[in-house]
Structure formats: structure tokens, C-alpha cells
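# Working through the structure, step by step
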Amino acid sequence: MDPNNPGPEEYGRDGDGHAPRQRPPRESLTSDFGQPAPVLARTVQLVSGDFLLTVNPVDGSEIEPCPPAERPARPVKLTEAERAETERAARPPVPPGPALPELPLTARQDEREKLVRLLARGRSVRLTGPAGSGRTRLLDVVAEDCADLAPDGVVRLDGHRRSADDLLYDLFYAVHGAPLYRPGRDELTDCLREVGAVVVLDDLGFGGAALDELLDATPECAFLLGATPDVPAPSADSAVEEVVLDGLDRAAGLDLLERTVDRDLTEDESNWAGDLWFESEGLPLRFVQAGALLRQRDRLRAGTSAVDEFGVFEDLWPGDLSDELPADAVDAVDGDEIPLPSLGEAAAPAPLLAARLSASARATLRFAVALGGELPHQAHLPALVGDTHADAALGELAACGLVAPAGSRYRLAAGVPAQLEAAGYADGAQAQARTAAQHYAWWAGHPSVTPERVCAEADAVLAALAVLSPLASAAEEGEADVAVQLARTAAPAFAAGLHWNAWERTLRAGAEAARLAGDVAEEAYFHHELGIQALCAGELDRARAELEASIGLRGAAADKRGTVAGRRALALVSDRSGIPAALAPTAGEEVPDAQYEESASPPRGVPTAFPELQPPTDTGLIVHRTSPVPTPAPTPKAGVGLKGLARRNLMAAGAGALLVAVLGTVVTLGATSENNPGTPSENVDVNPSASQGADDGSLGADRRTEEGGDTGDATSRPADPGPDGTLGTSDDPTPTATESGEASADPSDTGKPDDSTPTPSTPTTSSSSPAKPSTTTKPSDPTDEPTESPDEPTDEPTDEPTTPTTGPTDDYTPPPATSDSASGPTSSIPTQTESGASSSASAPQSSEAGTPSSSGTTLI
């Protein structure tokens, strides 16, 4: 279509002269004014060691063994261009506004040459100097001199609140390209052994064994370490050279002051600088701040013409200055006579310098004081301060020496936080921290913010959490505490950005805040994430404890999806540790008491040592009884330890084996006794009657024994000891009644029939209850054929009628006890011999379940 020569279609007709086609309707715009569609949760999948981790901000992260197809290839090193980009990202941002003059390195040439010389030899060096001594500036210059010494160049790291493990991973990501991959410890060590670089590490916070671990993991690297004197020294075997950085001399201090002011000093200013050098011990930071004071003084003396073209001091002149400047300075503004700061103000110049800055700069300082010295990124200052030009405050603070670079960020310079707190800048610090937390909670959860940007603000986020977590309280219904909100939104970003030190610290702060606020669901989430983090780090015991706590809390909150995720992770912990979840001890769980019939063992097995412990009084013991008379169980002695328990368990095991043998014998005898169909116990009836045998003329009783002439006992001891060769055991043959008619009383007979196991009782006689006749039989042998069947009826009349005894007599013979157990009828019958001695034939008695018999073994 030609815009200069419109065609017919633009006048309502097509080119062919027909009516124009109907224009398709526009899409409805109603949705633009309605509620926006909910933003999907940002989930990230990454590989950590042997695990595939899915960071889920809603229900909690999920972890599983990494499939072979998902495992990334071996990380490769970055190219030179990529390393340069990484190095630029590691430096602090350039402050907005006019470019600051770059001060030269004064009086540090000897130290500079020595450091370069040692690093060129492959030696590691530690540069020790107090805060404000120019240590960071010297490290930057030496790093530029060593750019071509190593094949992997120069790597800059920040050691502020970083452990040796964190620094190893930082070095790995600075040299290798491994997005969304955190290698295991072994693979990390293998990759770092191939790295050859000059590592410049400032603000080192550890020494000794931790520093040795860092150096041993990187044998091909030369380290340039910057630390303060209070940091622990390297070990004697580390072979780290030490270079001490002292303060400047007086001439170097005056030279630095002149370069800062960018003019020659007057005589008064030179004398004032000399006093400052003596007071500050030659620290370069004090001369930089003193130069800022002199520049502010020059601007005040210049009057309104000193307002620069960018309007930085527009809001300060002249009304705002009258509230914060000293009285003599305010009076001298019109006369252009502003005195030099006093020596005390020059030694602690932060309050005076801040008083002469813009309102946005002073508000930024209040936020920095509230956050423990951490300065938010300049992009966040307009939202925090409420001024669209607040990002220019960073340039003001940097020019005055109130902030110093720390890695990729800025922090308040040494000594400045304490000076500002004394000047009242800490008033309302909690409100400032709460405002910063609300802003970061909204910002970190925004879909457009990448995890890498959140990781760059980790120090400020953690500082806000450190202030607000102990102050968390129950919020209104439907609203969460601001600390909980911040931790909830920042933790997944730290995990996805592989900043796991910040991830763990955020989770711990969030768990504490949720506990204080009474938010069970959020507390369960934080414990779940801590368990996942511990599992990835290889700390299985901590992972199990955190996951079990999370599962318990989610069970109380009825969170089924979260509970399932927690149980899956706990199953993986059990698989890695080799301890099933059901057997693993839980914090606060009590070991259940032992059953009545078994002995209890220690909850974690028998230890190798034998401490003096008191055994539980309710432990079941197995005791072998040698006498039919019941004896009480031995009471445990005080002071008996595990040796006693082990000895008793051994005895119980032997007694149990003996009991099994005895019961097997009894069962065998009972089974073989069924071969005789004429068991006398089966012929006992409710109304027993006596009949005479067909061949012996007796009443069903055994014949009188003629051999040996011993007829004095109703029931004599058996002469045959049985298969075991020992008299009085359960396998002895059943004794027979003697001819004299004297029978022993059966303690198991109560005078009435019972198909179940008989209950022991004393035999009694009654005039209304006839006594049962004795029907004792010979012991049966499975190899012998029965010679007589008592069950066969006989037609012969009885020689002697039997009459039930109605009174107590010596000739009374009770019938044997009947039993339907497998062992058959048993008895322990004491008899009275001619000599008056009491004897008994011992045999095992059948008893109710759980009731110990009168012989053999008894379970107490």
C-alpha cells in the first residue's frame, strides 16, 4: 500500500469494486481490566551431586536420584572472553553521577613489588593490615600486575562471611561454565586441581585448618589473601608468606590529602593534617575522609555558586544545613568564614560528613546502619528512600569515603557504623529494616527477577532477616510476618542461584521467625527445605531430623501434599544411610518396654563397653525349677549391669532349649499312647461303676505284684529311669498302684470331671459325692500289643462289690486326672511309704496357656 497514493480499499471498497469484507471483531478487552491471571510458581530443576533437585516454592523442593540422561557432562573451563565478563561482574558497580578521581597508590611501591614477585614464583601470600589501611586498593593494583602470570588469569573472590567450602565453589564457578549444576565434593576437587590461576581473596575470615583445606584443594593456584590482624594466622605447614601493611608516614599522608582535595594545602590545613596523622596512626582512610571535609568546606565558602549543575546540593541550601551544621559554621556562611573541623571531628568525621550530604544520602545511611553496614544496591534506593534520584546518593557516599567496596557490593567503611550510631542514625532501625524486608520480599518473588540478581543482594536480605527474625510475632489472620514472607520468597531464589550458604541461613532464620509467629505450615516448609539441603550436603543425620520434624508439623497442619514430599525425601535418606525409617530412632521417641515373656535389648544394640547400668525391673526372666515347690523369681540386684543381663539371657536360652526338648518328648509319648485304645482316662464317666474282668476276676485293677515282696507302697517309684537315664523326669514310666490299696491323692483332681486342663486342688471327700475308683494302668509301649482292653464289656460277675467311700480313709485312691492335651494325663503324686517318707513320681503336667508347670522350666 502506498501511503501517498491511497487505494480504493482505504475508502471502504476493495480493489475490484466490491463492498469491503467485514472486519474481524477485536478481542474482548474485559480481561485487561479484571483480575490478572495468577502467576505460576517459578520452579527450577538442577543437579546436585548424584541428586536431581526440583526447587518448588509451593510445597517444598523434591529430590530424587539423578537419572543418567539428566546428568550433565563434565564442566568445561570458560573462554578468555567469558572470564573477562565474569571478572567485570565480580567488581562493584560504578556509582552514578560525575566520575570520581582515582587516587594513586601512595607509599606502597615496596609492598607491591614484593607481592608480585612472590606470586610469580607460585607462592601464596597473606597481606595483613588493619581496616582502612588501603589493603583493598593494594590488592586491586597487584591483581592488575599479575593478569598474565597464570593460564586461567586472575580470579577475584570476596571472603566476607564465607567459609572454605563456599570459596571452593565460588572458585569453581569463576573458572568453569556449569549452569544449574553443583558438583559433588569429589568431582569438585578433581576440577579444582586443574585450575591454575592467581586468586585474589579479600576480607578473609578464617585461618588454620580451614585455610589449609582451601590451599590443599587448589594446588595449582597462588593465593593473595587480604585479612585483618584479628583473623587466625595460617598454620606453620601451610607455607604462606606474610606481608604486613602499616600506616603511612606524615609526608605520604599530606600528599594523599592534597591529591584528595586537588589543590595545595594552606599552612593551617597542613598543621591540622599533621595532628590528624598523629591521631589516626597514618591510616589512609582518615586522610580520604579529611579531604572530603575540606572539599565540603570549600563549597560552603563558595556560597550558592558551589551548587553543582546536577543539583546534588539543591535541597540542602540554605535551610537544611542550618539544622545540622555547627552553630559557628552556620553563622560564618554569609561571611565565608568556616573554620576547620576540630581534631575530634576529623578523627570521627562520619556524622559531620553525613550532615552535609543530601537528604537521600542521609536516608541511605540510615538503611545501611539498620542492615548492619550492608548498603542496598543503588537500583533499590529510589524505592526504599522514596526519591527517584536517590541512586545518586551512592556517588556522594563513595566520594566522602563513607562506603567502601566489598566484592560486588558496597558496605559502610571501617568505623563509620559506630560513629553514625552514636550520632543517632540507629534510631528507628527496626522500622528501616522492616521497610527493606517488605521491599525485598516483593522484589525477590517477582517473576522478572532472576535468581542471580537475588543472590547479588544476599547480604542485605540476610541482614534484614537477622534483625527481624527474633522480633517475629503472630500477625493478623490472613497475613504472615514480614520476616517469614521474606525468607519464603528469597530461599527458593538462593537455592536456584546455587548460593547455598545464603539458602541455609535464610531457612534457619525463616524457621525461627515462623516458630515465634506460630505459623505451623511455614515452619514445616522451612524444616523440609533444611532437610533437603542437608541431604544434598551429605549430612544424613541432620536431614533425617529436619524431615521428620517437617512431616510431624505438616501432619498437624493436614498438609497431605507436603507430607508426601517429605516422606519421599525421608525414604531417600533411609536408602542412603542404610537404616530403614521405621528402625531409625526419632528425637524424643521412647524405646517400648519389653514383652512379658522376652528380654529387652538396648535400643542401639549391645555396646562394646559394659557400663554399670541398672537393668529394668520388668524384664522377663526364664528360670529352671528343680523342685516341684514354686519358688519366687529372683529379684534383680542393684548395680548389676549389662554383664548380668547377658549372663541371664544365656541361661534363659539354655533353659528354653531344655524346655523344647522336654515338650517334644511329652508330645511324642502322648502321640504314641493313642495306640492303646483302652486308655483308662477315657473310661471315666460321671457315674463310674466297677466291673470284674473276664480273665482275672478283678474289678478292672492291676494285679498284685509278687516279685520283690515290696507291697508297702500304694504307688512305688519306677525302677526304669526312662530314655534320659535320670529318675524323676518327665519320660519315666507311670508308676502303678500297689496291692495294699494305699493310693496317693492327686492334687489335680477336684472330684468332678473336666475336659479342659485340670486345676490343682486338695482332694476332699463328701457324704453326698461318691469317690471315684482307681483305674491305674501299666505304662504303654508302642512296640507291644495291648493284652487287655478295659473298654471291652465283660459278662462275668464281680467278686467284690465296690462301694463308694463316704468318709476319709487310708484306702482311698482317687482316679487319675484326665486331659485332652497332646501330652496325655500327667500327675505328680506324693505317696506315703512304710517308713513314713514321702515320695513322688514327677511328670510334666499340662496347664493353661501362659501358666508354668510344676516341673521343668517356668517362665516368670
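Quick notes on the rules
- The numbers attached to residues start from 1 for each chain and follow its sequence in the written order.
- Only residues with pLDDT of 70 or above have their local features reported here, since the model is predicted, and side-chain atom pairs are shown and tallied only from 80 upward, although totals for entire chains, interfaces and linings are computed over all residues.
- Side-chain measures here rest on the full set of heavy atoms in the structure, leaving out hydrogens and waters.
- At least two bridges found by DSSP between two strands is the condition for calling them paired.
- Segments assigned H or I by DSSP are reported as helices when at least four residues long, segments assigned E as strands when at least two residues long, and all are numbered from the N terminus.
- A contact between two residues is defined here by any heavy atoms of the two lying within 4.5 Å.
- Only the contacting stretch of a helix is used when fitting its axis, a line to C-alpha atoms as for every element, and angles between N-to-C directions run 0 to 180 degrees.
- Each polar contact in these results corresponds to two N or O atoms within 3.5 Å; when the atoms are within protein, one needs to be able to donate a hydrogen and the other to accept it, and residues that are neighboring in sequence are counted only if both atoms are side-chain atoms.
- In this scheme, a helix's expected span is set at 1.5 Å multiplied by one less than its residue total.
- Exposure is judged per residue with a 1.4 Å probe applied to protein chains only, and the accessible area is read against the type maximum: over 50% gives exposed, under 20% gives buried, and values in between give partly exposed.
- Only Phe, Tyr and Trp rings are paired, with Trp represented by its six-membered ring, and only when their centres lie within 6.5 Å; those with planes under 30 degrees apart are stacked, over 60 edge-to-face, the remainder tilted.
- Whether a charge sits over a ring comes down to the Lys NZ or Arg CZ being within 6 Å of the ring centre and within 35 degrees of the ring normal.
- Within this document, salt bridges are pairs made up of a side-chain nitrogen of Lys or Arg and a carboxyl oxygen of Asp or Glu, the two lying within 4 Å of each other.
- Note on convention: the crossing is left-handed when the near helix lies turned anticlockwise from the far helix by less than a right angle, right-handed when the turn is clockwise.
- For this classification, Asp, Glu, Lys and Arg are treated as charged, while Ala, Val, Leu, Ile, Met, Phe, Trp, Tyr, Cys and Pro are nonpolar and the rest, including Gly, are polar.

Spatial ordering of the open sheet is given by E3-E2-E1-E8, a layout of 4 strands whose pairing is mixed. The open sheet has two free edges, formed respectively by strand E3 (62-65) and strand E8 (181-182), since each of these has just one partner strand. In terms of strand pairing, strand E1 (residues 44-48) meets strand E2 (residues 51-55) through 5 bridges, oriented antiparallel. Across the sheet, the residue bridging to Ser48 is Phe51, located in E2. Where helix H26 (residues 560-577) meets the sheet, its contacts fall on E2 and E3, and the angle it forms with E3 comes to roughly 35°.

This part takes up the side chain of Asp59. By secondary structure assignment, the location of Asp59 is in the loop between E2 and E3. A polar side-chain atom of Asp59 sits 2.9 Å from a polar atom in the side chain of Arg561.

Moving on, we come to helix H22 (residues 482-496). A rise of 1.5 Å per residue sets the reference length of H22, with its 15 residues, at 21 Å; its end C-alpha atoms lie 22 Å apart and thus fit the reference within 8%. H22 sits mainly inside the fold: 13 of its 15 residues count as buried. With a side-chain oxygen positioned 3.0 Å from the backbone nitrogen of Ala483, the residue opening H22 is Asp481. Leu498 lies just past H22 and shows a positive phi near 60°.

Attention now goes to the packing of aromatic side chains. For the structure shown, the criterion picks out 4 aromatic pairs. Considering the side-chain rings of Tyr525 and Phe526, the 5.5 Å spacing of their centres and the 70° angle between planes classify their relative orientation as edge-to-face. By relative accessible area, Phe526 is classed as buried at 0%. The ring of Tyr169 is capped by Arg182, whose NZ or CZ atom sits 3.7 Å from the centre of that ring. Over the ring of Tyr525 we find Arg488; its NZ or CZ atom is 3.5 Å from the centre of that ring.

Attention now moves to the pattern of salt bridges. Inspection of the entire model under this criterion finds 33 salt bridges. The shortest N-O distance in the salt bridge between Glu512 and Arg515 comes to 2.7 Å. Taken together, the positions of Glu512 and Arg515, both in helix H23 (residues 500-517) and 3 residues apart, correspond to about one turn of that helix. The class of Glu512 is partly exposed, set by a relative accessible area of 34%. On the accessibility criterion, Arg515 (45% relative accessible area) is partly exposed. Glu539 is paired through a salt bridge with Arg542; the nearest N and O atoms lie 2.5 Å apart. Residue class for Glu539 comes out partly exposed when judged on its relative accessible area of 37%. One connected set of salt bridges, linked through shared partners, spans Glu374, Arg409, Arg411, Glu457 and Asp459.

It is worth spelling out helix H21 (residues 458-468) at this point. The buried fraction of H21 is high, at 9 of 11 residues. In this structure, the buried side of H21 is in contact with strand E13 (409-412), helix H19 (429-444), helix H20 (451-456), H22 and H23.

What follows is about the packing of H19 against H22. One can describe the packing of H19 onto H22 by two numbers: an axis separation of 8 Å at closest approach and a directional angle of 35°. Every pair of crossing elements has a handedness; the one defined by H19 and H22 is left-handed. Contacts between H19 and H22 involve Arg434, Ala437, Gln438, Tyr440, Ala441 and Ala444 from the first element and Val482, Gln485, Leu486, Thr489 and Ala490 from the second. For the contact of H19 with H22, the residue count by class is 7 nonpolar, 3 polar and 1 charged.

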